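Coordinate inspection notes
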Amino acid sequence: MSTETPLDLKKTVNLPKTAFSQKANLAQSEPARLKKWTEMGLYEMILRSRAGSEKFILHDGPPYANADIHIGTALNKVLKDIVVKSRTMMGYDAPYVPGYDCHGLPIEQYVEKDLDKKGKKKSDLSVVSFRRACREHAAKSLKNQTRDFQRLGILGEWNHPYLTMSNHYEAETARLFGRFLERGYVYKGARPVYWCIHDQTALAEAEVEYHQHTSPSVYVKFPLASDPALIDEKLAGRKVFLLIWTTTPWTLPANLGIAVHPDFEYAAFENGDEVYIVASELVGAVASKCDIGERDENGDRIAPTVIARFPGSRLDRLECRHAWIDRPSLVMVGEHVTLGGEADAETELDVKEARDPRTTGKAGTGLVHTAPGHGHDDFVIGKKYGLEIYCPVDNAGRFTSEVEHFVGERVFEANPKIVEFMRAQGVLLFSEDYEHRYPHCWRCKNPVIFRATPQWFISMDASATSSDALIEKDEDGRDRSNFTDNFSESDDTASPDSLRAGALREIENVEWIPAWGEDRMRNMLKGRPDWCVSRQRVWGVPIPVFYCNACNEPVAEPAIVNHIADIFEKEAADAWYAREAKELLPEGYKCRKCDSAEWTKETDILDVWFDSGSSSVAVLERRENLRWPADVYLEGGDQYRGWFNSSLMIGLAAHDRAPFKAVLTHGWVVDGQGKAMHKTGGNAVSPNDVIKESGAEILRLWCASSDYHEDMRCSSEILQRVSDGYRKLRNTARFALGNLDGFDPARDSVSEEEMLEIDRWALSELDAVIEKVRAGYEAYEFHTVYHALYNFSTVTLSARYFDITKDRLYTAAPKNHARRSAQTALYRIADALARLLAPLMVFTADEIWENLPQASGDERLASVHLAELPQARGERDMEMASRWEKIFAVRDMVLRVLEEARIAKVIGSSLEARVNLSASGQTYNLLENYLNDLRYIFIVSQVNLSRAEEGGATENSGVEIKVERAAGEKCERCWNYSERVGESSRYPTVCERCVQALDEIERGEAG
Ligand SMILES: [Zn+2]
Ligand SMILES: [Zn+2]
Ligand SMILES: [Zn+2]
């Protein structure tokens, strides 16, 4: 024993020591860490470290480069980052190339407004200058978004993102249009499409949103011009009318027909000297609505007299007169006619409404007013019966000079005037306000109309022409007509190699997460009309087609398109506007029909969804480190209609396959009450505000902790709870790191067999959580990952393992075997926690990693993001696990009794207690085996165990627990009570355990 002066007791306690601070100061520490990552080239290091490994490609859906990021975009990008980081840590080579959607209407509108502020108009600028202004605005927006995304800790090729407005991308987009031409899917035709009369452009399916809207609902009578005896002899000589119902009176001037179902029964009933025809089933409903028929003495309506019943097919091709215009209205039969029941399912309703806003199906007569220029079904049946696609409404939604009485009126303002006009004419039976879901423009929020204009379409049902056949055709110089309305709809004519058939086939080969995504997509595909890809705008990729000035023959050829695309590649698509037609076409190119060489350029541009849908080819296929198809697309649920859909079409055109193997969707971000967030509603959470106040890590943890398959709630209270969770995780890591000061994993680790059992138990629990977390990442179930790690940290570690090992870690001699055993476990736990948390808590996990002790002779990886997820060490010892579960069950009971004793002031701290246990049978045997450990497990100074008679105590599962004050005195060093305090003359204030520890320390910690 040393003869020197006794040690200062306080200094012999191993208090935790670590540079990993308790306070995170994320708002300050995150930017510093990001700077470090940039300087060390972390993203490039990660890619180098995975070079040659199997690839995993998450393909980024490009956010629109207009506004700042909002909570929804932040969520989307964070989820993607979690996918990429977790796959990287599974060992995959998972590059992340972010993209931006740069063309389109919102940017044009922004630039127009900006010009307006400067007192200028769009027409003051050349198209090229206007496009330059659009390009600059998009570039500025995407720069800001990039800064914000990087601030979220998202790693990727931020210096080299893909932009739909880059020369290369514009060229690829044009080439893909050429690919659709080549396959015979493209045609130009006048077909009804969504049209915004405010923005004066056609809209894509994905560009309309449904809101409640009040329309006038009207019942109108059309006089039958054909001989009524053709229907039924009983009608001979009568004044017969067909009754129609509509909620868009403004489409009545364009009425050219009335559709009935061939198999429904129709009835003719009397109203005074007139006879009305409606579906049999609806006679009562219509009569009551239109107040038709006599009343009895009680004032109840007497059902009108039906004089004939007949199938709808009997009305086929009869002729009516228009209700007030001097022209015929043809009666047609069609399967699309309904009796006005409620639509079956929400999604089906969506599909139906997506096709035709007038098909609301909640009222009606069973006879459908048909205006082929203003509705999808109307168009289809009108085409079949050879009707004109008549659309007397101009770009601004005003009636043209053809519409007598209403010339120049805007359609929505004309509605009430038409109703009054019909009333005056005596053709209106009834009108009322009618509330229904109606499509609105996503940009200006105004109701849209369906309007036929000459547009470019991609046919959903046309048969693919093999590219060889088409080239042959070209060489023969034969007339090509595939782009001039090769319209074919209806299921029976759908070709097995059409886009629709291909898409329906391909979605079965895709993994949809959640699984209902497949049905959602199937419904979208079944119902979607041909894709209108032309827009009457300038900020986009021009449709590379020419028209002969002499004979109007269009030039729409893949070879010419590729020639033009090569020019775009060098000069951007601006070349279309900067150059003359002749300078865009190959030299000396002549019209194949009339030999003329004077051309006019198409003025329409491609739908922006065609742009973004092209990304799989333009990016995945063209970038060296990526590959086609992608492993996963991950976007909000609105993209079934949007990007998933257009990407699928382009994948089919390019390779006859879906461009994705799996599609994940996430819900919307809503406020704490589950309501939609609005900038003006005061309930929106700004990601940049959260970052400034709490740090990006809190936002990331919120993304991870919520189930993203559903709508995700976010509010300051919810974020506060997330912050509390973060603090607990941080404290868990801090405890482990603090007790590893001076521990060299290579030199000081204890082998598994020599470890204390509770330390082995902790490692076994760690294995269980590793398995759970790996499975969670694998299945993209990040909230299970978070909750598994949170429970492991707060319950298994903080409340149990750390609580119990604290005494050993603090008071044993630093190099003592028992302490080294605990440290070995702590080291493995901290190392694993850093890795498991890394995809979620990118900043803090890296900070934990940095503060882990270095193993001598082994250079730790420069960042946790270079490391791999830990692996469980094989089979768990389930017998040990179940033993400890029983011990912890007893411990929980003991802690409750201790708490009662504390409240009763029998004891203060638990170390002042002695616990007397009495148990029988198996429980006694188990406890007896752990007798020497029990005082540490319960964190008391003494434990007595006695055998109870079988069936004795029934409370507390057969264990009787009594608490009394511990015997002896309090040890100054470890605060445990012992009757042996004072035995040592050198250290008279400490217990026998501490005497031994001090002895070990004084001997220079030999061994
Ligand atoms: Zn609009
Ligand atoms: Zn010509
Ligand atoms: Zn002691």
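Everything that follows concerns the structure shown earlier in this document.
Below: a short report on this structure. (Residues numbered from 1 in each chain as written. Chains lettered and ligands numbered in written order. Predicted model: local features only at pLDDT ≥ 70, side-chain atom pairs only at ≥ 80, totals over all residues. Heavy atoms only, no water.)

1. Structural notes on the packing of aromatic side chains
The condition that has to hold: Geometry of aromatic contacts follows a simple scheme: Phe, Tyr and Trp rings, the Trp one being its six-membered ring, pair when their centres are within 6.5 Å, and the pair is stacked under 30 degrees between planes, edge-to-face over 60, tilted otherwise. Every helix listed is a DSSP run of H or I at least four residues long, and every strand listed is a run of E at least two residues long, numbered separately from the N terminus. Note on classification: 1.4 Å probe, protein chains only; a residue is buried when its accessible area is under 20% of the maximum for its type, exposed when over 50%, partly exposed between these limits. Distance and angle both matter: a charge sits over a ring if NZ of Lys or CZ of Arg is within 6 Å of the ring centre and within 35 degrees of the ring normal.
Counted by the stated rule, this structure contains 38 aromatic pairs. Pairing Y633 with W643 gives two aromatic rings, centres 4.3 Å apart and planes at 20°, and the pair type is stacked. Of this pair, Y633 sits in strand β24 (residues 630-636) while W643 sits in helix α19 (residues 643-655), and the two are 10 residues apart along the sequence. Exposure class is identical for Y633 and W643. Each is buried. Ring centres of W761 and F888 lie 4.9 Å apart, and the angle between their planes is 45°; this geometry places the pair in the tilted category. Of this pair, W761 sits in helix α24 (residues 757-778) while F888 is found in helix α28 (residues 878-903), placing the two residues 127 residues apart along the sequence. We classify F888 as buried; its relative accessible area is 0%. Linked through ring pairs, W512, W516, Y633, Y640, W643, F644 and F660 together constitute an aromatic cluster. Cation over ring: R443 sits above W442, and NZ or CZ is 6.0 Å from the ring centre. In this arrangement the basic side chain of K970 is found over the ring face of W975, its NZ or CZ atom lying 5.1 Å from the centre.

2. Details of the environment of Y801
Selection rule: Polar contacts, as counted here, are pairs of nitrogen or oxygen atoms within 3.5 Å of one another; within protein the pair requires one atom able to donate a hydrogen and one able to accept it, and residues that are adjacent in sequence qualify only if both atoms are side-chain atoms.
Mapped onto the fold, Y801 is located in helix α25 (residues 782-811). On a C-alpha basis, the gap between Y801 and D759 in space is 8.2 Å, while along the polypeptide they are 42 residues apart. At 2.5 Å, the side chain of Y801 and the side chain of D759 are in polar contact.

3. Topic: the coordination of the zinc ion (ligand 1)
Worth spelling out the cut-off: Metal donors were taken as nitrogen, oxygen and sulfur atoms no farther than 2.8 Å from the ion, or 3.2 Å where the ion is Na, K or Ca. Water is excluded, so coordination may look unfinished. Irregular is the label for any site that misses the other tests, which are tetrahedral for four donors with all angles between 85 and 135 degrees, and square planar for four donors or octahedral for six when opposite donors exceed 155 degrees and the remaining angles lie between 65 and 115.
In this structure, C196 (SG), D199 (OD), C441 (SG) and C444 (SG) serve as the protein donors to the zinc ion (ligand 1), at separations of 2.0 to 2.3 Å. Around the zinc ion (ligand 1) sit four donor atoms, and with donor-metal-donor angles ranging over 102 to 117° the site reads as tetrahedral. For the zinc ion (ligand 1), all donor residues lie on one chain, and their spacing in sequence is C-x2-D-x241-C-x2-C. Of the two residues, C196 and D199, neither departs from the other in class, the shared state being buried.

4. With respect to the pattern of salt bridges
Note the threshold: Note on definitions: salt bridges are taken to be side-chain nitrogens of Lys or Arg within 4 Å of carboxyl oxygens of Asp or Glu.
Inspection of the entire model under this criterion finds 81 salt bridges. D530 serves as the salt-bridge partner of R191, at 2.8 Å between the closest nitrogen and oxygen. Of this pair, R191 sits in strand β4 (residues 186-196) while D530 sits in the loop between α13 (517-527) and β18 (531-532), placing them 339 residues apart in sequence. By relative accessible area, which is 7% here, D530 ends up buried. Here R522 and E518 are joined by a salt bridge, their closest N and O atoms 2.7 Å apart. Separated by four residues within a single helix, R522 and E518 lie in helix α13, roughly one turn from each other. Given a relative accessible area of 19%, R522 falls into the buried group.

5. Thoughts on the coordination of the zinc ion (ligand 3)
The coordination sphere of the zinc ion (ligand 3) contains the protein donors C971 (SG), C974 (SG), C991 (SG) and C994 (SG), at a distance range of 2.2 to 2.4 Å. In this structure, the zinc ion (ligand 3) is coordinated by four donor atoms arranged in tetrahedral fashion, with angles at the metal of 105 to 114°. A relative accessible area of 1% places C994 in the buried class.

6. With respect to unusual backbone geometry
When glycine is set aside, most residues are seen to have a negative phi, and most peptide bonds are trans. Cis geometry marks the peptide bond from I513 to P514; its omega dihedral reads 0°. Within the element layout of this structure, P514 appears in the loop between β17 (511-513) and α13. Residue P629 is reached from W628 by a cis peptide bond, and omega for that bond is -5°. For P629, the location among the structural elements is in the loop between α18 (615-621) and β24. We note that Q200 has phi near 50°; this positive angle belongs to a residue other than glycine. Tracing the backbone shows Q200 in the loop between β4 and β5 (201-203). The backbone of A572 shows a phi angle near 70°, a positive value even though the residue is not glycine.

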